[in-house]
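# Coordinates in review
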Amino acid sequence: MTSILSVKNLTVATKVNASRLLVKNVSFSLQPGKTTCIVGESGSGKSLTALSIMGLLSKQLVQTQGSVVFQEQNLTLFNNSQLREIRGKKIGMIFQEPMTSLNPVLTVGYQIGESLTVHLGLKGAALKARIANLLQQVGIPESRADSYPDELSGGQRQRVMIAMSIACEPLLLIADEPTTALDVTVQAQILKLLDELKTRMNMAMLFITHDFGVVADIANDVVVMFRGEIVETGAVEQVLSNPQHPYTKALLDCVPDAAGKKELKPMDYAWLKGEVTT
Amino acid sequence: MSQIILEAKNLNKTYTQRSGRFGFGTTLVQALDNVSIQLRTGSTLAVVGESGSGKSTLARCLLQLQPLESGEVFFQGKDLAQMSGEDLRVTRRDLQMVFQDPFASLNPRMRIGEIVGEGLLIHGLGSRDEQKSQVLSMLNRVGLKSEDVKKYPHEFSGGQRQRIGIARALVLSPKVLICDEPVSALDVSVQAQILLLLKELQAEMALSTLFISHDLRVVRHIADDIVVMNRGKIVEQGEVAEIYENPTQTYTQQLLSAIPGQKHLRKQALNA
Ligand SMILES: Nc1ncnc2c1ncn2[C@@H]1O[C@H](COP(=O)(O)OP(=O)(O)OP(=O)(O)O)[C@@H](O)[C@H]1O
Ligand SMILES: Nc1ncnc2c1ncn2[C@@H]1O[C@H](COP(=O)(O)OP(=O)(O)OP(=O)(O)O)[C@@H](O)[C@H]1O
Ligand SMILES: [Mg+2]
Ligand SMILES: [Mg+2]
């Protein structure tokens, strides 16, 4: 099957120190209608990988190497206006920290509507109806369209981001820890909504999460990152039930159980000796 | 069994929201509807519940960061609203908060060393050298490096920023820690490290914690008591073990059965 997104040897460094690699030689590809979950250490480069794919790295950082091919086009060679054409329309993105990516002085309804106007030319009553429909899909009363971000709860803001990201029914959704502020029942509702888009639109999804329960429920494939590198990839059953890399094994060992019987413990890094050459 | 360090009685809080197609109308949302809680000294009280049910509002109201409509909050038996002067100053240090949105709560122009050390400076705790070493040691305990003190918030990952917020609160050795989703951005290993740190501090200095979380697995491990909220109301409360085994309210039952990954984990347990 042809992949919709193919990332090859993606490498990200800081501008001040080109030898300080934050993402090293990351390669993977995504298929339409499938979900790939990225898991891994806090600070291992998951968010930077996602931002780099979208051409949204901050000014201090630079992609020093690698290609990002989306629908046969190398996004790495695109300029800003070409990227803007694709972002929000063909590729939707949910950022890790909603409050910092929402504009505090615009109502959430306006912000959800922006991409519908820019990319699909929606206006007036049709626009209002679509915004109301999106809010309803993420479980927020449509009357809240007139609220400003700081008048919403953490989970409501996160759901506004989700509504924005799927507004134009993208072919690829990149979601960076999109359900961390949602209780499990609302989370289940959102995951179902994304799954419907996956089936109906054949949408591909790149889903960054720390929650192995979510991984078990939604992933087709799993990518495991550690200190800027991919240490393991595979089908979800494979990675969860029969992990190969010592980091993956050690990480899975730390997953807490719902009965509270298993002892809480951070990872034992004994496996690291001789494993990684940094 | 033990003393109550923080108690809230009949808290009520209503927000006025713009509404209606043109934004001219308003509706009232009752974010806290007669909420009462008790936090026992040296224990952890988890607050779980629907997104938008009033958990963060409760946290802010407990700390008087937001005005209440009615209700009282007592810290060590004293009404917070009546406190002033030295009493209030000391209490501010004793009650610390970790906010839900870490980035938004960190000053972008301050280095991490300054952010974490600011409280020590304001409260004049220890000499400059002692303050520095306390900051370093707390950063290490949350899994950040000594050289990180020179960096700015934007140079960190989401989970690293979350830990900066935790370090900033804990460095003051508070009596009560109110934390709003403090481990939501952490991998399960770092998460365990932070939860164990909280348990250590609980043993060392009888830290009492109000722990708001959506992660019911984490709550099962860390909390002694639990409060379940839905639409501004407490719908169920009690000891954690009891409520997990015997949830009496439909909403609590729904929550527990919606924990993700249960099918897979059951399968694994069977294979084990
Ligand atoms: N602007 C920056 N300058 C320097 N270092 C940075 C910058 N942004 C991120 N980093 C570093 O790059 C590494 C990877 O960051 P990234 O945000 O991708 O981690 P992550 O895997 O998403 O972690 P988390 O799970 O905690 O969100 C981190 O160690 C972080 O400190
Ligand atoms: N400043 C405000 N103005 C108007 N309404 C508000 C304001 N702040 C919060 N609300 C509303 O009050 C309710 C409770 O919000 P709160 O942030 O306390 O919820 P929460 O339980 O913390 O939710 P989450 O789990 O999503 O973070 C929500 O419906 C929210 O939209
Ligand atoms: Mg991240
Ligand atoms: Mg909240």
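Structural notes, computed from the coordinates. (Residues numbered from 1 in each chain as written. Chains lettered and ligands numbered in written order. Predicted model: local features only at pLDDT ≥ 70, side-chain atom pairs only at ≥ 80, totals over all residues. Heavy atoms only, no water.)

### Observations regarding the coordination of the magnesium ion (ligand 4)
Residues and elements named next belong to chain B. Coordination sphere of the magnesium ion (ligand 4), protein contribution only: Ser56 (OG) and Gln100 (OE1), at 2.0 to 2.3 Å. One end of the pair, Ser56, is in helix H1 (residues 55-62); the other, Gln100, is in the loop between strand E6 (95-98) and helix H3 (112-122), with 44 residues separating them in the sequence. By relative accessible area, which is 15% here, Ser56 ends up buried. (Donors = N, O, S within 2.8 Å, 3.2 Å for Na, K, Ca; no water. Helix = DSSP H or I, 4+ residues; strand = E, 2+ residues; numbered from the N terminus. Buried < 20%, exposed > 50% of the residue type's maximum accessible area, 1.4 Å probe, protein only.)

### Side note on the coordination of the magnesium ion (ligand 3)
Those donors, A:Ser47 (OG) and A:Gln96 (OE1), are the protein atoms that reach the magnesium ion (ligand 3), and they lie 2.0 to 2.2 Å from it. On the criterion of sequence distance, the pair formed by A:Ser47 in helix H1 (residues 46-53) and A:Gln96 in the loop between strand E6 (91-94) and helix H3 (98-101) is long-range, its members being 49 residues apart.

### Observations regarding the site of ligand 2
The full set close to ligand 2 counts 22 residues, and A:Ser153, A:Gly155, A:Gln156, B:Ser51 and B:Thr57 are the nearest of them. One finds residues of chains A and B in close proximity to ligand 2. Within the contact set of ligand 2, an oxygen atom lies 2.9 Å away from a side-chain nitrogen or oxygen of A:Arg144. At 2.8 Å from an oxygen atom of ligand 2 is found a side-chain nitrogen or oxygen belonging to B:Ser56. Across the complex, the protein chains shield 92% of the 640 Å² of accessible surface that ligand 2 would expose by itself. Only helix H6 (154-166) of chain A together with strand E1 (4-19) and H1 of chain B provide two or more residues apiece to the shell around ligand 2. Tallied by class, residues from the shell around ligand 2 come to four nonpolar, 13 polar and five charged. (Near = heavy atom within 4 Å. Polar contact = N/O pair within 3.5 Å; in protein donor to acceptor, adjacent residues only side chain to side chain. Areas by Shrake-Rupley, 256 points an atom, 1.4 Å probe, with all protein chains shown as cover. Nonpolar A, V, L, I, M, F, W, Y, C, P; charged D, E, K, R; others polar.)

### Topic: the pairing of strand E9 (residues 225-230) of chain B
All names here are of chain B. Burial of E9 is extensive: six of the six residues sit out of reach of the surface. Side chains Asp225, Val227 and Met229 project from E9 onto one buried face, and the interleaved Ile226, Val228 and Asn230 project onto a second face that is buried too. As judged from the six bridges shared by E9 and strand E10 (residues 233-239), these two strands associate in the antiparallel manner. When the bridges of E10 are listed, Val227 appears paired with Gln237. (Pairing = 2+ DSSP bridges.)

### Thoughts on the environment of A:Gln189
Residues and elements named next belong to chain A. When you line up the elements, Gln189 lands in helix H7 (residues 184-201). It is 7.8 Å that separates the C-alpha atoms of Gln189 and Val138, two residues lying 51 residues apart in sequence. Ignoring sequence-local partners within four residues, the contact set of Gln189 consists of Gln137, Val138 and Gly139. (Contact = heavy atoms within 4.5 Å.)

### A few points about the sheet that holds E6(A)
All names here are of chain A. Read from one edge to the other, the open sheet built from six strands follows the order E6-E7-E8-E3-E9-E10, with strand pairing classed as mixed. Since the sheet does not close on itself, it has two edges, and those belong to E6 and strand E10 (229-235), each with one partner. When strand polarity is set aside, the average angle formed by the axes of neighbouring strands in this sheet is 15°. Taken together, the four bridges between E6 and strand E7 (residues 172-176) define a ladder with parallel strand orientation. Counted as the bridge partner of Ile91 is Leu172 from E7. Most of the contacts of H1 go to strand E8 (residues 204-208), to which it runs at about 145°, and overall it touches strand E3 (35-40), E6, E7, E8 and strand E9 (221-226). Running at roughly 100° to E9, helix H10 (residues 246-253) makes contact with E3, E9 and E10 of the sheet. (Axes fitted to C-alpha atoms, helices over the stretch in contact; angles between N-to-C directions.)

### A word on the pairing of strand E4 (residues 61-70) of chain A
All names here are of chain A. Pairing between strand E1 (residues 5-14) and E4: eight bridges, direction antiparallel. Bridging from a neighbouring strand, Val12 pairs with Gln63 of E4. Here E4 pairs with strand E5 (residues 73-74) via two bridges, running antiparallel. When the sheet's bridge partners are listed, Phe70 is paired in E5 with Gln73. Two successive antiparallel strands, E4 and E5, enclose a turn made up of two residues, where Gln71 displays a positive phi of approximately 45°.

### Brief notes about the side chain of A:Ser52
Its place among the elements puts A:Ser52 in helix H1. Under the relative-accessibility criterion, A:Ser52 is labelled buried at 4%.

### Focus on the site of ligand 1
Around ligand 1, a shell composed of 24 residues is seen, among which A:Ser42, A:Gly43, A:Ser47, B:Ser157 and B:Gly159 lie nearest. Residues near ligand 1 are shared among chains A and B, making this a multi-chain site. A distance of 3.0 Å separates an oxygen atom of ligand 1 from a polar backbone atom of A:Gly45. Taking B:Glu155, its main chain carries an N or O atom lying 3.0 Å from an oxygen atom of ligand 1. Surface burial for ligand 1 is 94%, taken as the share of its 650 Å² of free accessible area covered by protein chains. Elements represented by at least two residues in the shell around ligand 1 include exactly H1 of chain A together with helix H5 (158-170) of chain B. Among the residues forming the shell around ligand 1, the class breakdown is five nonpolar, 15 polar and four charged.

### Concerning H6(A)
All names here are of chain A. Between the first and last C-alpha of H6 there are 19 Å, a value that for 13 residues agrees with the 18 Å anticipated at 1.5 Å per step. Counting buried residues along H6, twelve of its 13 residues qualify, which places the element largely inside the surrounding structure. Here H6 has its buried residues at Gly154, Gly155, Gln156, Arg157, Gln158, Arg159, Val160, Met161, Ile162, Ala163, Ser165 and Ile166. The secondary structure elements touched by the buried residues of H6 are E6, H3, helix H4 (108-120), helix H5 (124-137), E7 and H7. (Expected span 1.5 Å × (residues − 1).)

### Overview of the interface of chain B and chain A
Taken together, the contacts link 50 residues of chain B with 54 residues of chain A. A combined buried area of about 4200 Å² lies between chain B and chain A, and 55% of that area is made up of carbon and sulfur atoms. Here chain B is connected to chain A by two salt bridges. Among the ionic pairs, A:Glu97 bridges to B:Arg161, the shortest N-O distance being 2.6 Å. At the surface where chain B touches chain A, the tally comes to 16 residue pairs in polar contact (both at pLDDT 80 or more). Those elements giving two or more residues to the side of chain B that touches chain A turn out to be E1, H5, helix H6 (188-205), helix H7 (216-222), helix H9 (250-257) and helix H10 (262-271) of chain B. Examining the composition of the side of chain B that touches chain A, we find that seven residues originate from one element, H6(B), more than from any other. (Buried area = accessible area lost by both parts, 1.4 Å probe. Salt bridge = Lys/Arg side-chain N within 4 Å of Asp/Glu carboxyl O.)

### Let's talk about the pattern of salt bridges
Under the defined criterion, the tally for this structure stands at 14 salt bridges over all chains. Note that A:Glu229 is salt-bridged to A:Lys24, the shortest N-O span being 3.8 Å. Of the two residues, A:Glu229 is situated in strand E10 and A:Lys24 in strand E2 (residues 21-30); the sequence distance between them amounts to 205 residues. A relative accessible area of 31% means that A:Glu229 is categorised as partly exposed. A relative accessible area of 18% means that A:Lys24 is categorised as buried. One salt bridge connects B:Asp94 with B:Lys175, and the closest N-O pair in it is separated by 3.7 Å. Of this pair, B:Asp94 sits in helix H2 (residues 85-94) while B:Lys175 sits in the loop between H5 and strand E7 (176-180), placing them 81 residues apart in sequence. On the accessibility criterion, B:Asp94 (6% relative accessible area) is buried.

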